[in-house]
Amino acid sequence: MKLVDKYISLSRQGEAVWISDVRENFAALAGTKSLQLRLCCLDGQERDYDCPLPAWENGEQRAFLLEYLKARVFNILSCYSGRALYLCLEREDRELKKLAEDCIAAFYREPGLKKVLNIAGRLCRSLGLPPFELGIRGPATGRPGPGPTALTVSSLGTKLRRAVESCGSGAFCGIDVGGTDIKLALAKDSRLLAMKEYDWNPAESPRAEGLIRPILLLARLMQARLSAELLPEGSLERQLLDKALEKDASHELMEETIRACSGNEPPRFSGIGLSFPDVVIHNRILGGETPKTKGMRENSELDYEEEFSKLSSLGTELEKLCLPGGRVEIVNDGPMAAFSAAAELTWGREGDAVQGGIVAHSLGTDLGTGWIRGSGEIPDIPLELYDLLVDLGSEKWRAYPAEDLRSVKNENSGLPGLRRYLGQAAAYRIAWQLKPELLEGFTQEKEGLLEISMSPRDLRKPCLEHLMQAAAGGDGAAREVFRRIGRNLAQMTREMEYLLDTGTGSRYIFGRFVKERDCFALIREGFKELMPDMELYAADDSLALTPMMAQLAKLEDVTVAQFAQAVSAVYFSAFERQ
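Residues numbered from 1 in each chain as written. Predicted model: local features only at pLDDT ≥ 70, side-chain atom pairs only at ≥ 80, totals over all residues. Heavy atoms only, no water.

*Asks:* I'm lost on the nonpolar core in this one. Help?
*Replies:* The tendency in soluble globular proteins is for nonpolar side chains to be buried as a group. Of all hydrophobic cores here, the largest spans 112 residues; its most connected members are Phe64, Leu87, Phe482 and Ile485. A total of 12 residues in this core trace back to one element, the largest contributor, which is helix H3 (residues 59-80). Setting aside residues up to four positions removed in sequence, leucine 87 forms contacts with Leu35, Gln36, Leu37, Leu69, Val73, Ala100, Cys103, Ile104, Leu134, Gly135, Ile136 and Arg137. Membership of the second largest hydrophobic core comes to 49 residues, among which are Leu211, Leu241, Ile285 and Tyr304. (Core = buried A, V, L, I, M, F, W, Y, C linked by side-chain atoms within 4.5 Å. Buried < 20%, exposed > 50% of the residue type's maximum accessible area, 1.4 Å probe, protein only. Helix = DSSP H or I, 4+ residues; strand = E, 2+ residues; numbered from the N terminus. Contact = heavy atoms within 4.5 Å.)

The following block contains the structure:
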């Protein structure tokens, strides 16, 4: 089969083999074996995906087709999860049936693939559904319909404007949890009172407490700042607060400040919005397969499922800081990005821009993806696109361990997922491939692994800043790093639209990658090479239109790109999601 042999050859040369190209080319072939992937979604609806496969002539071709089939199943479950997924085929085709059986066995045998089964299992248990099933069925008869459509009470634009207006009275806290830092915004009566940035490395924590405690501490610090509104500007307590709100303030200093400012009855919030980088369904953190919980997963002294379940208590703990009836709204960082873009566009009276819904990405340590429909509904699906398997090639780079910065494998899955094609890990990898000197002074070799130095100082963020500055300064290799990230973003978009069919013609990008305008221009340039008809927008100061976001744009020493999601989390605490 010449087409498959071509893909195998490209992979051996270290080239990417994009899954969208393979899928489209297989669909155009004559004489393929008929296979369908039928997903039973969490809400009970069903979706079919055609997956025709060419006949294979040898073991090498079969191995490639097996990898392709595994990637197709993995991507569907990463996007939707579900109650069950079936490989539908003619049972008389023994070769195809054996391939399907090998595919299913791999999901139970290989830890990286099994993560989507773990997530599906947790979601089904939390929703009171039967255990998730991955199996084989006979040919699908007819295409499932879309299912009943809920009546739309109000449009997305109406809901967004109402949320912004609701924050005009009361005290609110917005929390944006990232992979390397946490950012917070405090507001009272639509006036920004304080911003706080806190560096952390949650993957190092062996217990859930290591993730929960810092978030609660920072929320209590915002509570203390709210208390200080009644104190004179030059008071000792206000001076202490100023130091505690600095980026490098210690836990001890923050605790001391809370004790000094809060008193016996600290003021409570009207709402708290939390953007958290994991699967969030029905306001609960339920995924458990991200890099943030790596330390917990590897802690042999505890039961991981039991320990991870403690994260679901975070919302309850935050509610204790709220007034009676106060809302704590938790969402994945991707939907928060989509919400942020939509809220600003709506407030800027560009109502038509959100009628068909919004798709946005947060691009920093990882990739977050969010989608809000035109009705204002945020689909209750994982949308874990940072793990998508979009490259079936790059054999040379797959040979490196996941912990090596040259590898295309995600550290949390061991699979060649999108994290190594988008985000800061991608920038390091591509920079090394193009010009290793770009990483000089930022790397260390440890037990044969090349990695960005983490001690005595964490150089991950400084390294990315260095690459961005080099690109802005005209370094050709550094500029190509960001063009390639743009092309990779386009490849991810092709797969996303195939899986979801959002119908949106634009993407809004948040995070550190849009902080430097020259770098975003390069990302956009690479993206448009593959998707010229889709628009890419930076969520920068031009998207600062709501009252609090406009205040953020005027602050010194902070940027909209950095703190937009924290401010948007304030508004999100008042958003009607359904």
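Next comes the rest of the description.
*Asks:* Whenever I open this one, the side chain of threonine 493 confuses me. Can you help?
*Replies:* Within the element layout of this structure, threonine 493 appears in helix H17 (residues 476-500). Dropping the residues within four chain positions of it, threonine 493 is found in contact with Arg507, Phe527, Met531 and Met534.

*Asks:* Please clarify how the packing of H17 against helix H18 (residues 517-530) should be interpreted in this entry.
*Replies:* Working note: a packed helix pair is described by the angle between its axes plus the distance between those axes. Across the interface, H17 lies against H18 with an axial gap of 7 Å and an inter-helix angle of 45°. Between H17 and H18, the angle is such that the two are oblique. Crossing hand, H17 versus H18: right-handed. Facing Arg479, Phe482, Arg483, Ile485, Gly486, Arg487, Leu489, Ala490, Gln491 and Thr493 of H17, the residues of H18 in contact are Cys519, Leu522, Ile523, Glu525, Gly526, Phe527, Glu529 and Leu530. Split into classes, the residues belonging to the contact of H17 with H18 amount to 9 nonpolar, 4 polar and 5 charged. (Axes fitted to C-alpha atoms, helices over the stretch in contact; angles between N-to-C directions. Parallel < 35°, antiparallel > 145°, perpendicular 65-115°, else oblique. Left-handed = near helix turned anticlockwise from the far one by under 90°. Nonpolar A, V, L, I, M, F, W, Y, C, P; charged D, E, K, R; others polar.)

*Asks:* Can you help me understand the packing of aromatic side chains in this one?
*Replies:* The relation between two aromatic rings is expressed through the spacing of the ring centres and the mutual angle of the planes. For the coordinates displayed, the defined rule picks out 13 aromatic pairs. Where phenylalanine 26 meets tyrosine 68, the ring centres are 5.2 Å apart and the plane angle is 85°; that geometry is what we call edge-to-face. Within this pair, whereas phenylalanine 26 is found in helix H2 (residues 19-28), its partner tyrosine 68 is found in helix H3, the two being separated by 42 residues in sequence. As far as burial versus exposure is concerned, phenylalanine 26 and tyrosine 68 are alike and both buried. Judged by centre distance (6.2 Å) and plane angle (15°), the rings of tryptophan 397 and tyrosine 400 are stacked. On the basis of relative accessible area, tyrosine 400 is assigned to the partly exposed category, the value being 22%. In textbook terms, an aromatic cluster arises when at least three aromatic residues are bridged by ring pairs, as seen for Tyr7, Phe26, Phe64 and Tyr68. (Phe/Tyr/Trp six-rings, centres within 6.5 Å; stacked < 30°, edge-to-face > 60°.)

*Asks:* Can you walk me through the pattern of salt bridges in this structure?
*Replies:* A pair can form between side chains of opposite charge whenever their charged atoms are brought close. Summed over the entire model, instances satisfying the criterion amount to 49 salt bridges. Residue lysine 70 pairs with glutamate 110 through a salt bridge whose shortest N-O separation is 3.2 Å. Residue lysine 70 is located in helix H3, and its partner glutamate 110 is located in the loop between helix H4 (94-109) and helix H5 (111-126); the two are separated by 40 residues in the primary sequence. A salt bridge links aspartate 181 to lysine 461; the shortest N-O distance between them is 3.0 Å. Here lysine 461 lies in helix H16 (residues 460-472) and aspartate 181 lies in strand S6 (residues 181-188), a separation of 280 residues in the sequence. Overall, aspartate 181 belongs to the buried group, its relative accessible area being 5%. Ionic contacts of the salt-bridge type, sharing partners, join the residues Asp181, Lys183, Glu197, Asp199, Lys247, Lys461 and Arg512 into one network. (Salt bridge = Lys/Arg side-chain N within 4 Å of Asp/Glu carboxyl O.)

*Asks:* I keep staring at the packing of H2 against H17 and nothing clicks. Help me out?
*Replies:* Across the interface, H2 lies against H17 with an axial gap of 9 Å and an inter-helix angle of 50°. In terms of orientation, H2 lies oblique with respect to H17. Two secondary-structure elements touch here, H2 through Ile19, Ser20, Asp21, Arg23 and Glu24 and H17 through Gln491, Arg494, Glu495 and Tyr498. Split into classes, the residues belonging to the contact of H2 with H17 amount to 2 nonpolar, 2 polar and 5 charged.

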